[in-house]
Amino acid sequence: MDFQSCVNIKKEWDIVGARQLGRDIARKIGFGTVDQARIATAISELARNIYLYAGTGKVCFEALEEIDHKGIAIVAIDNGPGIQEISQVMEDGFSTSGGLGAGLPGVKRLMDEFNIHSEEGKGTEIRVVKWLR
Amino acid sequence: MRIPILKLHNYLLISIQIDLDDQTAIQFQEDLLSKIHENGASGVVIDLTSVDIIDSFIAKVLGDVVTMSDLMGAKVVLTGIQPAVAMTLIDLGIHMQDVPTALDLEQGLIKLRQELEE
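Residues numbered from 1 in each chain as written. Chains lettered and ligands numbered in written order. Predicted model: local features only at pLDDT ≥ 70, side-chain atom pairs only at ≥ 80, totals over all residues.

*Asks:* Got a minute to help me understand the interface of chain B and chain A in this structure?
*Replies:* For an interface, size is often stated in terms of accessible area lost upon the parts coming together. Of the residues lining the interface, 19 residues belong to chain B; the matching set on chain A comes to 24 residues. Contributing elements (two or more residues each) for the side of chain B that touches chain A: helix H1 (22–39), helix H2 (56–72) and helix H3 (83–92) of chain B. For the side of chain B that touches chain A, a count of residues per class yields eight nonpolar, four polar and seven charged. (Contact = placed C-beta atoms within 7 Å. Helix = DSSP H or I, 4+ residues; strand = E, 2+ residues; numbered from the N terminus. Nonpolar A, V, L, I, M, F, W, Y, C, P; charged D, E, K, R; others polar.)

Here it is, written out as structure tokens:
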């Protein structure tokens, strides 16, 4: 880890702010346009989840640099109600907000690694990673 | 922010050239439906050449506006979806199968003419 920055998610426009910053960081790391789009879209979904379900939270970016590969980690943190049934929200088509339900399973497909930790009444933390190929 | 909607004969042309936030997308949906109503437009082309991200929300708004316009009697064609955007949408699990699309504005207008049999 050599770089970290966060965007607070409080209002709708912050979703755009988060994905633009994430995209910039991804470009600097060396990701191509397709992966930049994947990363920006994943950030958009994560930030929207915070805005919709928790109200406020933050999305943090980390440039990953290991001996043989580089990547980007995105961590979405909120102190919202938490997720009761994680297995349920990871199913395609499941949504409690009337959206498309593409949310989390979609994010998982866009990225290489996906970790979710949620505690009812305390909040949710989702960490996703994309490696540079 | 408002997205400009241009009238060309009985068509409406829109080129989205900004990073769409949710509010702008919803506003655009309303603006387009009002314009169709005002002008009695029979066809609409929404060009997405300059759009470099479509997430599930924006995809839903675009898909809905196609269905809504259809209910009013206007055909909508989405044009210029970038390769990266197409790949991302499929990863997200969004297929937009019922949405008419074309490679670019020119092909979009040809498609509209065919669909409307003019």
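*Asks:* Which parts of the structure should I look at to understand the packing of helix H4 (residues 103–110) of chain A against H3(B)?
*Replies:* Describing two packed helices takes the angle between their axes plus the distance from one axis to the other. Look at H4(A) against H3(B): their axes get within 7 Å of each other, and the N-to-C directions meet at 125 degrees. It follows from the interaxial angle that H4(A) and H3(B) lie oblique. Across from A:Gly106, A:Arg109 and A:Leu110 in H4(A), the residues of H3(B) making contact are B:Thr88, B:Asp91 and B:Leu92. For the contact of H4(A) with H3(B), the per-class residue count stands at two nonpolar, two polar and two charged. (Axes fitted to C-alpha atoms, helices over the stretch in contact; angles between N-to-C directions. Parallel < 35°, antiparallel > 145°, perpendicular 65-115°, else oblique.)

*Asks:* Which parts of the structure should I look at to understand the sheet that holds strand S3 (residues 70–78) of chain A?
*Replies:* Strands pair in a sheet through their backbones, by hydrogen bonds, and they do so in one of two ways: parallel or antiparallel. Residue and element names in this part refer to chain A. In space, the five strands of this open sheet follow the order S1-S2-S3-S5-S4, with antiparallel pairing throughout. In the strand order of this sheet, the two ends are held by strand S1 (4–9) and strand S4 (113–119), each with one partner. The mean angle between the axes of side-by-side strands here comes to 15 degrees, regardless of whether they run parallel or antiparallel. Both S1 and strand S2 (residues 57–65) contribute to a ladder of six bridges, which runs antiparallel. Bridging across to S2, Val7 finds its partner in Val59. Taken strand by strand, helix H1 (residues 13–29) contacts S1, S2 and S3, and its axis lies near 165 degrees from that of S1. Together, S1, S2, S3 and strand S5 (123–131) form the strand contacts of helix H2 (residues 33–54), whose direction differs from that of S3 by roughly 10 degrees. (Pairing = 2+ DSSP bridges.)

*Asks:* How do you make sense of the pairing of S2(A) when you look at a structure like this?
*Replies:* Residues and elements named next belong to chain A. Two strands pair when backbone bridges link them, and S2 and S3 are joined in this way by nine bridges, in the antiparallel orientation. Bridge pairing links Cys60 to Val75 in S3. In this structure, the hairpin formed by S2 and S3 is closed by a connection of four residues.

*Asks:* Just to check I follow, could you spell out the nonpolar core for this structure?
*Replies:* Among soluble globular proteins, nonpolar side chains are generally buried collectively. Counting residues in hydrophobic clusters, the biggest one holds 65 residues, and the most contacted among them are A:Ala42, A:Ile43, A:Leu46, A:Ala47, A:Val59, A:Ile74 and B:Val44. Counting residues per element, this core draws most heavily on H2(A), which supplies nine residues. For A:Ile74, the contacting residues outside a window of four places in its chain are A:Gly22, A:Ala42, A:Ile43, A:Leu46, A:Val59, A:Phe61 and A:Val128. (Core = buried A, V, L, I, M, F, W, Y, C linked by C-beta atoms within 7 Å. Buried ≥ 20, exposed ≤ 12 C-beta atoms within 10 Å, placed from the backbone.)

Purely spatial values, then, with no claim about function.
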